[in-house]
Amino acid sequence: MTTLSMIVAVARGGVIGLNNTLPWHLPEDLKRFRALTTGHHIIMGRKTYESLNRLLPGRTTVIVTRNTDYAVEGALIAHSLEAAVALAQHDDEPFLIGGAELYQQGVKLARRLYLTEIDAEFKGDAFLPAFDLSTWQETARESHVAENGLPFSYVTYER
């Protein structure tokens, strides 16, 4: 069975986005995202894909949409998260990269969670759904301060 990992940066209050963008500037996290996801399938919702507006190099993009006519050259299209995970069945670690609706579904399927916890307040209109972390075990934590002074931690959970 394919193991699904979720990767997400989250600020205080569960904020993960604003107007389909990241409300913060954290180049260190983008480098880590690239290092972890390169060579793997990245599964995302249509709005997340459209906010990126491009395929990310070195990764297989799987876009989840209800629109049966949706097509993006170079990407795989799935109509449910389960179908997206099935498309990545030969990948030892496909990554769910957003958005909020897929995170809500993905937490039931995920075995690993890569969180970047940003210790600051940001306005947002997209939020990481609340879920019970007591069923997860924290396996790694690194605290950092970004060059711009933003405090953050990389936290890995597994179950």
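Remember, predicted model here, so these are calculated numbers, not experimental data.

Definitions and limits used
Residues numbered from 1 in each chain as written. Predicted model: local features only at pLDDT ≥ 70, side-chain atom pairs only at ≥ 80, totals over all residues. Heavy atoms only, no water. Helix = DSSP H or I, 4+ residues; strand = E, 2+ residues; numbered from the N terminus. 1 Å grid on protein atoms, 1.4 Å probe; cavity = no way out; pocket = protein on both sides within 12 Å on 5 of 7 lines; lining within 4 Å. Points joined across faces, edges and corners; volume = space filled by probe spheres on them. Nonpolar A, V, L, I, M, F, W, Y, C, P; charged D, E, K, R; others polar. Core = buried A, V, L, I, M, F, W, Y, C linked by side-chain atoms within 4.5 Å. Buried < 20%, exposed > 50% of the residue type's maximum accessible area, 1.4 Å probe, protein only. Pairing = 2+ DSSP bridges. Axes fitted to C-alpha atoms, helices over the stretch in contact; angles between N-to-C directions. Arc of directions from axis to C-beta. Contact = heavy atoms within 4.5 Å. Salt bridge = Lys/Arg side-chain N within 4 Å of Asp/Glu carboxyl O. Phe/Tyr/Trp six-rings, centres within 6.5 Å; stacked < 30°, edge-to-face > 60°.

## Quick word on unusual backbone geometry
Of the consecutive residues Gly-98 and Gly-99, the connecting peptide bond is found in the cis state with omega at 0°. As for its placement among the helices and strands, Gly-99 is situated in the loop between strand 6 (95–98) and helix 4 (100–109). In the Ramachandran plot, Asn-19 falls in the positive-phi region, its phi being about 50° despite a non-glycine side chain. Tracing the backbone through its elements, the reader meets Asn-19 in the loop between strand 2 (15–17) and helix 1 (27–37).

## Remarks on the layout of surface pockets
As a volume, the largest pocket reaches approximately 1,300 Å³. In this structure, the largest pocket is lined by 40 residues; those nearest its centre are Thr-48, Ser-51, Ile-97, Gly-98 and Gly-99. Going through the elements one at a time, strand 1 (4–11), strand 2, helix 1, helix 2 (46–52), strand 6 and helix 4 are the ones with two or more residues in the lining of the largest pocket. Across the lining of the largest pocket, the residue classes tally to 17 nonpolar, 13 polar and ten charged.

## Quick word on the nonpolar core
Counting residues in hydrophobic clusters, the biggest one holds 23 residues, and the most contacted among them are Ile-43, Leu-96 and Leu-115. Listed by contribution, the elements that provide at least two residues to this core are strand 1, strand 4 (60–64), helix 3 (81–87), helix 4, strand 7 (110–118) and strand 10 (151–158). Per-element accounting of this core gives the leading share, four residues, to strand 1. Counting residues in hydrophobic clusters, the runner-up holds 13 residues, among them Ile-7, Phe-33, Ile-42 and Ile-63.

## Some remarks on the sheet that holds strand 5 (residues 76–78)
One open sheet holds the eight strands; their spatial order is 5-4-3-6-1-7-10-9, and the pairing between them is mixed. This sheet does not close on itself; its edge strands, each paired only once, are strand 5 and strand 9 (137–145). Geometrically, the sheet is characterised by an average inter-axis angle of 20° between neighbouring strands, direction not taken into account. Summarising the sheet, strand 9 and strand 10 pair through eight bridges and their orientation is antiparallel. Its bridge partner being in strand 10, His-144 is matched across the sheet by Phe-152.

## Brief notes about helix 1
Regarding helix 1, the residues found buried are Asp-29, Arg-32, Phe-33 and Thr-37. Down the axis of helix 1, the sector holding all buried residues measures 115°, keeping them to one side. Every exposed residue of helix 1 that faces more than 90 degrees away from the buried side is listed here: Lys-31 and Ala-35. Looking at the buried positions of helix 1, the neighbouring elements they touch are strand 1, strand 3 (41–45), strand 6, strand 7 and strand 10. Once helix 1 finishes, Gly-39 follows within two positions and takes phi at roughly 90°, a positive value.

## Some words on the pattern of salt bridges
Enumeration according to the criterion identifies eight salt bridges in this entry. Across the pair Arg-66 and Glu-101 runs a salt bridge, and its minimum N-O distance is 2.4 Å. With Arg-66 in the loop between strand 4 and strand 5 and Glu-101 in helix 4, this pair connects stretches of sequence that are 35 residues apart. Residues participating in the shared-partner salt-bridge network are Arg-12, Asp-119 and Glu-121.

## A closer look at helix 4
Where helix 4 is concerned, the buried positions are Leu-102, Tyr-103, Gly-106 and Val-107. Viewed along the axis of helix 4, the buried residues span an arc of 140°, placing them on a single side of the element.

## Here we look at the packing of aromatic side chains
One pass over the structure, following the stated rule, counts four aromatic pairs. An angle of 65° between the planes, with centres 5.4 Å apart, marks the rings of Trp-24 and Phe-122 as edge-to-face. You can see Trp-24 sitting in the loop between strand 2 and helix 1 and its partner Phe-122 sitting in the loop between strand 7 and strand 8 (126–127), a full 98 residues away along the chain. Overall, the relative accessible area of 9% leaves Trp-24 in the buried class.

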